[in-house]
Amino acid sequence: MTASATTAPPTLRPEPAAPAPARRRGRFGVHLFLSTVSLAFLAPLLLAVYASLRPYEETARYGYFSFPRRLSFDYYRQAFVDSGMSKYFLNSLLIAVPGVLLTLFLASFVAFAVSRLRMRGGIILLMVFTAGNLLPQQVIVTPLYVLFNKIPLPYWMSDSLTMYDSLWAVIAVQTAFQLGFCVFVLANFMRTLPQEILEAAIVDGAGVWMQFWRVTLPLCRPALAALGTLQFTWMYNDFLWGLVFLSDGDKLPVTSALNNLRGEFFTDYNLLAAGSVLVALPTVLVFLLLQRHFIAGLTLGASKG
């Protein structure tokens, strides 16, 4: 009596890979699309740099898209000197740097409480912070103007003895409006951290402050770097709040210094382009310094393992 032969299960054959020419065409199409989008975003900046290197008489005669006859950096020196840009650079740094540090510090506290501590109403609190970003900033310009004129400050903090016409007003508004976005991003990032790390810290006797400062915050370095880069760019480039809450011209941010390059009856747009490039340099420098951490923060969660 012969044993019945067992039928072997059918083997699954892997699908044939796409031919190499098709993969190359697909990769070429992706690179072409990304290059086109990059050039579209860089075109205004490249045109500004190109115009800032040419005399206004030349562009007025031959056009901005003509071949250059002479290139020089004279407009950059003139823009820096005529606009008094050095003091405006300092004003913008005095607003952006404390604003970024204060925003990230407060946002990390709230994000840790919402995402890592088991507190009631944490999701509702996160929704409230996120909903704050949906409020148009221009809506509360008048109430804030009235409020800041009524908040007293000592003489060593404000020449006007009120919060109005002081850098503190701009820092406070920038921090308040950017806090919700940072809380949202940090809270979602902290949720991806392994819970076992905090449990091990609790077993070792770590309190809430130690769990936040020594365990969670170091793991959030890529997210903090990415947010710091974005926040510095947004606060540094802001023009509205400095114009509304600062009446003293010597306290205005650097974005307002470009108005000093506009003449009463005539504006040299090549000179204005040179000033715009100078204003944009600090943000480019910050991005280059934090580029590695910024890209790491943007790609968090893109792959596992």
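What counts, and where the lines are drawn
- Residues numbered from 1 in each chain as written.
- Predicted model: local features only at pLDDT ≥ 70, side-chain atom pairs only at ≥ 80, totals over all residues.
- Heavy atoms only, no water.
- Helix = DSSP H or I, 4+ residues; strand = E, 2+ residues; numbered from the N terminus.
- Contact = heavy atoms within 4.5 Å.
- Areas by Shrake-Rupley, 256 points an atom, 1.4 Å probe, with all protein chains shown as cover.
- Salt bridge = Lys/Arg side-chain N within 4 Å of Asp/Glu carboxyl O.
- Buried < 20%, exposed > 50% of the residue type's maximum accessible area, 1.4 Å probe, protein only.
- Phe/Tyr/Trp six-rings, centres within 6.5 Å; stacked < 30°, edge-to-face > 60°.
- Core = buried A, V, L, I, M, F, W, Y, C linked by side-chain atoms within 4.5 Å.
- Axes fitted to C-alpha atoms, helices over the stretch in contact; angles between N-to-C directions.
- Left-handed = near helix turned anticlockwise from the far one by under 90°.
- Nonpolar A, V, L, I, M, F, W, Y, C, P; charged D, E, K, R; others polar.

J.: How do you make sense of the overall build of the chain when you look at a structure like this?
T.: From N to C terminus, the chain includes 13 helices and zero strands. Element order for the chain, N to C, with α for helix and β for strand: α-α-α-α-α-α-α-α-α-α-α-α-α. If you take every contact in the chain between residues at least 6 apart in sequence, the share linking residues at least 24 apart comes to 69%. Accessible area for the chain stands at about 19300 Å²; split by element, carbon and sulfur atoms hold 68% of it.

J.: Explain the pattern of salt bridges here, please?
T.: Pairs can form between side chains of opposite charge once their charged atoms are near each other. For the structure on display, the rule yields four salt bridges. In this structure, Lys-87 engages Asp-250 in a salt bridge whose closest nitrogen and oxygen atoms are separated by 2.8 Å. In this pair, Lys-87 is assigned in helix α4 (residues 85-115) and Asp-250 in the loop between α11 (240-245) and α12 (269-289), connecting sequence segments 163 residues apart. Accessibility expressed as a relative area gives 35% for Lys-87, which makes it partly exposed. The class of Asp-250 is partly exposed, set by a relative accessible area of 45%. Via salt bridges that share partners, Asp-159, Asp-165 and Lys-251 belong to a single interconnected network.

J.: Honestly, the packing of aromatic side chains in this entry has me stumped. Any pointers?
T.: Think of a pair of aromatic rings as described by two things: how far the centres are apart, and how the planes are tilted against each other in angle. For the structure shown, the criterion picks out 14 aromatic pairs. With a centroid separation of 5.1 Å and an interplanar angle of 80°, the aromatic rings of Tyr-145 and Tyr-164 are classed as edge-to-face. Here Tyr-145, found in helix α6 (residues 141-148), pairs with Tyr-164, found in the loop between α6 and α7 (167-191); they are 19 residues apart in sequence, far enough to count as distant. Looking at Tyr-145, the relative accessible area reads 36%, which means it is partly exposed.

J.: How should the nonpolar core be read in this particular structure?
T.: Within the largest apolar cluster, 64 residues are counted, with the highest numbers of intra-cluster contacts made by Phe-148, Val-173, Leu-186, Tyr-236, Trp-241, Phe-245 and Val-254. With 13 residues, the single largest contributor to this core is α7. Setting aside residues up to four positions removed in sequence, Val-173 forms contacts with Leu-144, Phe-148, Trp-241 and Phe-245.

J.: Would you mind going over the environment of Phe-287 with me for this structure?
T.: Looking at where Phe-287 falls in the secondary structure, it is placed in helix α12. In this structure, the C-alpha to C-alpha distance between Phe-287 and Ala-226, residues 61 residues apart in sequence, is 9.3 Å.

J.: I tried to follow the packing of α4 against α7 on my own but got confused; where do I start?
T.: Helix packing geometry: the angle between the two helix axes and the distance between the axes. Relative to each other, α4 and α7 sit at 40°, their axes nearing to 6 Å. Read as a crossing pair, α4 and α7 show a hand that is right-handed. When grouped by side-chain class, the residues that make up the contact of α4 with α7 number 20 nonpolar, six polar and one charged.

J.: Please explain unusual backbone geometry as it appears in this structure.
T.: Among all residues except glycine, the phi angle is most often negative; among peptide bonds, the trans geometry is most common. In the Ramachandran plot, Leu-161 falls in the positive-phi region, its phi being about 65° despite a non-glycine side chain. Checked against the element boundaries, Leu-161 lands in the loop between α6 and α7. Here Leu-161 falls in the partly exposed class, since its relative accessible area comes to 45%. Even without a glycine there, the phi angle at Asp-165 is positive, about 65°. The topology assignment puts Asp-165 in the loop between α6 and α7. We classify Asp-165 as buried; its relative accessible area is 10%.

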